[in-house]
Amino acid sequence: MTDVLLETRDLDVTFDIAKRGAMPWTRPDALQAVSKANLTVHRGETLGLVGESGSGKSTLARAIVGTVRPTGGRVLWKGRDITALKPAERRAHGRHVQMVFQDPLAALDPRMNVGQIIAEPLKTHRGDLDAKEQRRRVGEMMERVGLLPNLQNRYPHEFSGGQCQRIGIARALITEPELVICDEPVSALDVSVQAQVVNLLKGLQKDMGLSLMFIAHDLSVVRHISSRIDVLYLGRIVETGTAAEVTGAPKHPYTRALISSVPIPDPRLERTRHRPVLKGELPSPMDPPSGCVFRTRCPIARESCAEARPPLLEAAPGHCVACPFYEDAGAMGGAVSA
Amino acid sequence: MVVSHSQSAALTAAAPMGPPRSLWADARARFFRNRAAVGGLVVLGLVAGFAIFGPFVAQHSIEEINWSILGKVDDAGGPCFLSGPDNEIPPCSETGHWFGTDAQARDLFARTVQGTQISLMVGVVGALIAVLVGTIYGAVSGYFGGRLDNMMMRVVDVLMSVPYMFVLILLLVVFGRSILMLFIGIGLISWLDMARIARGQTLSLRSRDFIEAAIATGVHPFRIILRHIVPNLLGVVIVYATLLVPSMIIYESFISFLGLGVQEPLTSWGALINEGADQMRQGLWMLLIPLAFFVVSLFGFFFVGDGLRDALDPKDR
Ligand SMILES: Nc1ncnc2c1ncn2[C@@H]1O[C@H](COP(=O)(O)OP(=O)(O)OP(=O)(O)O)[C@@H](O)[C@H]1O
Ligand code: SF4
Ligand SMILES: [Mg+2]
């Protein structure tokens, strides 16, 4: 097995939501955005993280980069718990883990020019480099992500969405991090640009030996870039395995439903396919269903599902499913023959 | 290199052309397209020029009494350009009292110049304190949030609820009247509103992605405040500061109107207007001239402030 870069152990993130019109001393509601999440990123691999909108993907990413404080559990970087670090050490750790955001323009300070934006991580972590060397590296990195280096004195609003995302990627890579978390990096972009940016990320990953965590709300983008995929539902990881296993032989009823929502290019196959469609809406994370949180929408739910949270069971080596009845779900179809 | 040549050629084509346009440059262009704002700026420039160069032009000092006019100011103290056969006002070539004299036969031109200096200074110093103290205070409070934010904002609440007129009068009585005391009094209150405004804006900036990106990168909180929060606050701050200048001037005028402001023989717009109001029946010019400066400058500040708001926040029109 390749060596482990990042691990989360039983990671919890709970937000306090003040009740409307409540007195200051009443207890706020708890919104559990991430619950007992265990995930692992190995060196050089791409971990895909998939889930509906509101399933807690961004919150999980934020807890890892440290912009949200976990309420429980640990984040281990090469075995060391980084949630326990002192603030200054925690900031210094930012050099190794960087993030690319969903809304490319919003992630860039509108009052700074591109050169300043990309140089910021360098200024923060590589104070030993002089200004000239920093500028040289910024120019080099811009070229690497497909931007003309003479555009350093331009401002973000002068660029298109795809170019802004390239700026965001350049900023993330300038300190040569070991892990880059991409939070839906292409979902705000035109379809024609999406492939360019994904290919750019793939190429950079190979060149720089990066590990990626690639977040998306459907499987269509993730399956091409990921080596392993974790599926998130209402803050819980419900299935984890290699990309081939999760997309080719999904086990969890939720994953099956997700897969079936990805259109098959062949129209004949598409028409004859049995599609278990998700009924109902995502339950509120303030008041999740007891036991298995998917039971309100699960086609094979039974009474015992309300009792206890199903543990992640190993269905095959390295392929885990949080549903004890996954074998019964086989009848509902949904797998895409790759 | 990762990018193929055809791809980078496509990027070259899509790259922005022309000189770089920062948001500031855009705002400047919008401001100068606004006639009223430019007019206000010109008026303010003239008033400032009057305050700066007036002393070199004035024929008299602010305290020199013209004995030949004293006693008959009502008849002979008017502005000298009104001099004619049907009144007793001596011609300009004789006295040089372009704005006439005040009730004690002192040159009103020199006194207006000096009053303009003090009033503008009070306004600008008040606004500067507000910008420096209020912005940083509000940004720190809003950025860190939580208990610190609570504490800092309660301090502002308490200071705001203090009857500052009373405190200022106490200060002036205990330490004696001086310009310094006046500035201290104005400095104490001017930044409070600004701190609240800056804090509110900071709270909404905090949740923006680019701030999160900086935090995730590991940028030091104080650097985030100085490099990301403050520059993005500056639009609001500048607009509010331009509108704060006239309110500081009015505030000082009010204190002077009560007779608590600057000390004789020094004067300010408020003090001049106060004295002029006493002489309204006999010497209307003593009221109208300082009042005209006061009103015109206030309008200047309001137009400039308005223009800045439109220029810096185009969504808000
Ligand atoms: N700062 C916050 N305060 C309170 N609740 C929050 C906060 N951030 C996220 N949440 C809530 O946590 C849940 C998970 O949100 P999150 O943004 O992680 O979802 P997501 O999977 O990234 O969704 P999307 O695909 O829309 O980005 C949502 O119910 C959201 O309302
Ligand atoms: S545990 Fe029960 S409700 Fe949950 S996915 Fe499995 S069958 Fe459905
Ligand atoms: Mg998200």
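Everything quoted here is computed from the prediction, not taken from an experiment.

## Things to note about the overall build of chain A
Per the secondary structure count, chain A includes 10 helices and 12 strands. By the compact-globule yardstick of 20 Å for 338 residues, chain A fits well, its C-alpha radius of gyration being 21 Å. Along the three orthogonal principal directions, the C-alpha set of chain A runs to about 65 × 60 × 45 Å. The burial tally for chain A puts 53% of its 338 residues in the buried class. By sequence separation, contacts in chain A at least 24 residues apart represent 67% of the contacts at least 6 residues apart. Summed over all atoms, the accessible surface of chain A reaches about 15,000 Å², with 51% contributed by carbon and sulfur. The averaged location of the 38 negative side-chain charges in chain A is 2 Å from the averaged location of its 43 positive side-chain charges.

## So, the site of ligand 1
Residue and element names in this part refer to chain A. If you check the shell around ligand 1, you find 15 residues, and the closest are Ser 53, Gly 54, Ser 58, Thr 59 and Glu 184. Between Ser 55 and ligand 1, the recorded distance is 3.2 Å, taken from a backbone N or O atom to an oxygen atom. Those elements giving two or more residues to the shell around ligand 1 turn out to be strand 1 (4-17), strand 2 (29-42) and helix 1 (57-65). Among the elements that make up the shell around ligand 1, the one with the highest residue count is helix 1 (3 residues). Here the shell around ligand 1 is built from residues that sort into 5 nonpolar, 7 polar and 3 charged.

## Description of the site of ligand 2
All names here are of chain A. Around ligand 2 there are 13 residues in total, and Cys 292, Arg 295, Cys 298, Cys 305 and Cys 323 lie nearest to it. When atom positions are compared with the pocket grids, ligand 2 is found to occupy the largest cavity. Split by residue class, the shell around ligand 2 holds 11 nonpolar, 1 polar and 1 charged.

## Some words on the interface of chain B and chain A
Buried accessible area, meaning the area lost when the parts come together, often serves as the stated size of an interface. In this complex, chain B contributes 36 residues to the contact, which on the side of chain A involves 43 residues. On the surface where chain B and chain A come into contact, there are 1 salt bridge. The salt bridge partner of A:Arg62 is B:Glu212, with a shortest N-O separation of 2.6 Å. For the pair chain B and chain A, the interface holds 7 residue pairs in polar contact (both at pLDDT 80 or more). Every element with two or more residues in the side of chain B that touches chain A is listed here: helix 1 (5-14), helix 2 (23-33), helix 10 (209-217) and helix 11 (221-257) of chain B. Looking at the side of chain B that touches chain A element by element, the count peaks at 8 residues for helix 10 of chain B. Taken together, the residues of the side of chain B that touches chain A break down into 20 nonpolar, 9 polar and 7 charged.

## Notes on the packing of aromatic side chains
Between two aromatic rings, the relevant description is the distance of the centres plus the angle of the planes. Enumeration according to the criterion identifies 15 aromatic pairs over all chains in this entry. Taking 6.2 Å as the distance between ring centres and 85° as the angle between the ring planes, the aromatic pair formed by B:Trp269 and B:Phe294 counts as edge-to-face. A residue pair is termed long-range when its members are at least 10 positions apart, and B:Trp269 in helix 12 (residues 269-278) and B:Phe294 in helix 13 (residues 284-312) qualify at 25 residues. Each member of the pair, B:Trp269 as well as B:Phe294, carries the same accessibility label: buried. In textbook terms, an aromatic cluster arises when at least three aromatic residues are bridged by ring pairs, as seen for B:Phe50, B:Trp98, B:Phe99, B:Phe109 and B:Phe293. The cationic tip of A:Arg111 hangs over the ring face of B:Trp24; the distance from NZ or CZ to the ring centre is 4.2 Å. In this structure, A:Arg302 is placed above the aromatic ring of A:Phe325, and the distance from its NZ or CZ to the ring centre is 4.0 Å.

Conventions used here
Within each chain, residue numbers correspond to sequence positions counted from 1 in written order. To label them, take the chains in the order written and letter them from A, then take the ligands in the order written and number them from 1. Under the rules for a predicted model, residues below a pLDDT of 70 receive no local features and side-chain atom pairs below 80 are neither given nor counted, while totals for whole chains, interfaces and linings still include all residues. Heavy atoms throughout the structure, all of them, feed into the side-chain values; hydrogens and water do not. Only runs of H or I of at least four residues qualify as helices and only runs of E of at least two qualify as strands under DSSP, and these elements are numbered from the N terminus. Computation of the radius of gyration draws on C-alpha atoms, with the globule rule given as 2.2 Å multiplied by the number of residues to the power 0.38. Buried, partly exposed and exposed residues are distinguished by accessible area as a fraction of the type maximum, computed with a 1.4 Å probe on protein chains only: under 20%, between the cut-offs, and over 50%, respectively. Whether two residues are in contact is decided by their heavy atoms: any pair within 4.5 Å suffices. Residue-level accessible areas treat just the shown protein chains as cover; the underlying method is Shrake-Rupley with a 1.4 Å probe. When charges are counted, Lys and Arg contribute as positive and Asp and Glu as negative, whereas His and the chain ends are disregarded. Here the site of a charge means atom NZ of a Lys, CZ of an Arg, CG of an Asp or CD of a Glu. Residues are classed as near a molecule or strand on a simple rule: at least one heavy atom within 4 Å of it. Polar contacts, as counted here, are pairs of nitrogen or oxygen atoms within 3.5 Å of one another; within protein the pair requires one atom able to donate a hydrogen and one able to accept it, and residues that are adjacent in sequence qualify only if both atoms are side-chain atoms. Polarity classes work like this: nonpolar for Ala, Val, Leu, Ile, Met, Phe, Trp, Tyr, Cys and Pro, charged for Asp, Glu, Lys and Arg, and polar for all others, with Gly in that last group. With a 1 Å grid spanning the protein atoms alone, the term cavity applies to any set of points in which a 1.4 Å probe fits but cannot get out, the term pocket to an open set with protein on both sides within 12 Å along at least five of seven lines, and the term lining residue to any residue with an atom within 4 Å of a point. Should more than half of a molecule's atoms lie within 2 Å of a pocket's or cavity's grid points, that molecule is taken to sit in it. Each reported salt bridge corresponds to a side-chain nitrogen of Lys or Arg within 4 Å of a carboxyl oxygen of Asp or Glu. For this analysis, a ring pair means two rings from Phe, Tyr or Trp (six-membered ring only for Trp) whose centres lie within 6.5 Å, classed as stacked if their planes differ by under 30 degrees, edge-to-face if by over 60, and tilted for the remaining angles. Criterion for a charge above a ring: Arg CZ or Lys NZ at most 6 Å from the ring centre, at most 35 degrees from the ring normal.

Honestly, that's just the spatial picture; any functional story needs more than this.
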